[in-house]
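Understanding the architecture of this molecule
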Amino acid sequence: MANRLFFSLVALFWVVMNILLWRAEFGGGREFGSAVPTGVVWNKILTAPDDSRLEISLNGRRIGYCHWSANAGEDLTARRVAREELPEGMVPQLGRYTIDLEGNILPSQPTTRVRFNLHLDFATDHAWRELSVRVATRPAVWTLHSAAAEETLDLKYEDEAGKWSRTIGFGDLRDPRKLVEEFAGPFSLPLLGPLAALDRPEKLALGLNWEARNDWLGIGHSQVRVYRLEAPLLDRFRVVVIVSRVGEILRVELPNGLLLINEALTNL
């Protein structure tokens with residue numbers, strides 16, 4: 001009798017613990033679609049323990065890959081302080097976050113491989129401070145640099161025929177028609193398709209208004225809890241980013257059938 005009672009208690013304990021674990025993992029289903037503070041998700045992205053290797057496809061056809069890396073850095077001012085002056089066990093003050101994205105794509109013509117690099121610098125409150133982009137397809141090279149404090153965008157273009165450069169204020173960036181006129185020179189209009197397609201001369205917002213929610217992502221035969229970031233782009237498109245619970249980029253949906261998906265998902 002005592003053995004049966006003991007066995008029943010163990011079985012009951014096992015059932016209760018499994019129910020609690022299931023609820024902790026799946027939240028009873030009530031979390032699906034619930035809003036999450038955007039800052040919480042961005043903080044997970046900027047402090048993710050692992051980098052993300054992403055496959056790039058266009059309308060279902062693989063065209064390249066990219067490597068996403070996020071890092072936290074100490075305050076540059078703190079670096080000037082000698083390490084021996086810091087109290088024992090004290091961690092240098094966190095001063096910035098950085099995101100680096102590099103990769104290449106191969107459009108329809110095999111000879112036009114495009115290589116790109118992006119570097120973003122954020123303050124500890126997640127406000128961006130500096131942006132640098134380099135896009136190269138032999139023999140042409142485009143470079144872009146912008147600092148939030150200066151409120152300007154510096155663009156440079158270089159090929160065998162010569163060089164070209166422009167400095168544009170943030171005020172002009174909000175007017176799509178001015179942008180089309182500005183870049184009608186060495187830049188082809190297809191690169192500015194979304195801007196040229198705008199019929200209304202409304203002012204564009206420089207930043208994206210992100211919304212974050214809890215969501216599910218099907219991986220194999222399982223459903224995994226993820227974060228879903230979504231933002232409107234140019235008033236007619238939407239950008240969707242699927243992020244793991246630890247901040248790894250799993251999937252990015254961009255306009256016109258452009259998709260970035262984590263290599264770990266493509267191998268399933």
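Rules and cut-offs
- For every chain, the first residue of its written sequence is number 1, and the numbers climb from 1 along that sequence.
- In view of the model being predicted, local features appear only for residues whose pLDDT reaches at least 70, and side-chain atom pairs are presented and counted only at 80 or more, with totals across whole chains, interfaces and linings using the full set of residues.
- Hydrogens are left out, water is left out, and the side-chain values use all remaining heavy atoms of the structure.
- In this text, buried Ala, Val, Leu, Ile, Met, Phe, Trp, Tyr and Cys residues form a nonpolar core when linked through side-chain atoms within 4.5 Å.
- Think of it in three bands: residues with accessible area under 20% of the maximum for their type are buried, residues over 50% are exposed, and the middle band is partly exposed, with areas taken using a 1.4 Å probe on protein chains only.
- Helical segments are the DSSP runs of H or I of at least four residues, strand segments are the runs of E of at least two, and each set is numbered from the N terminus.
- We call two residues in contact when some of their heavy atoms are within 4.5 Å.
- Under the pairing criterion, centres of Phe, Tyr and Trp rings, with the six-membered ring standing for Trp, must be within 6.5 Å; the plane angle then separates stacked pairs below 30 degrees from edge-to-face pairs above 60, leaving the rest tilted.

Some points on the nonpolar core
Membership of the largest hydrophobic core comes to 25 residues, with the highest contact counts inside it found for Val41, Val243 and Ile249. Elements with a minimum of two residues in this core: helix H2 (38–46), strand S2 (52–58), strand S3 (61–74), strand S4 (94–105), strand S5 (114–122), strand S11 (222–233), strand S12 (237–243) and strand S13 (249–254). Among the elements that line this core, the one with the most residues is S3, at four residues. If sequence neighbours within four positions are ignored, Val243 has contacts with Val41, Ile45, Val226, Tyr227, Leu229, Glu248, Ile249 and Leu250.

Things to note about the packing of aromatic side chains
With the rule as written, the count across this model stands at two aromatic pairs. Seen from their ring centres, Trp42 and Trp210 are 5.8 Å apart, and the 80° between their planes marks the pair as edge-to-face. Note that Trp42 is positioned in helix H2 and Trp210 in the loop between helix H6 (193–196) and strand S10 (211–219), a separation of 168 residues in sequence. Take Trp42: its relative accessible area is 21%, and that puts it in the partly exposed class. With a centroid separation of 5.3 Å and 50° between ring planes, the pair formed by Trp142 and Tyr157 is classed as tilted. Of this pair, Trp142 sits in strand S7 (residues 140–147) while Tyr157 sits in strand S8 (residues 152–159), and the two are 15 residues apart along the sequence. Given a relative accessible area of 19%, Trp142 falls into the buried group.

By themselves these figures say nothing about function.
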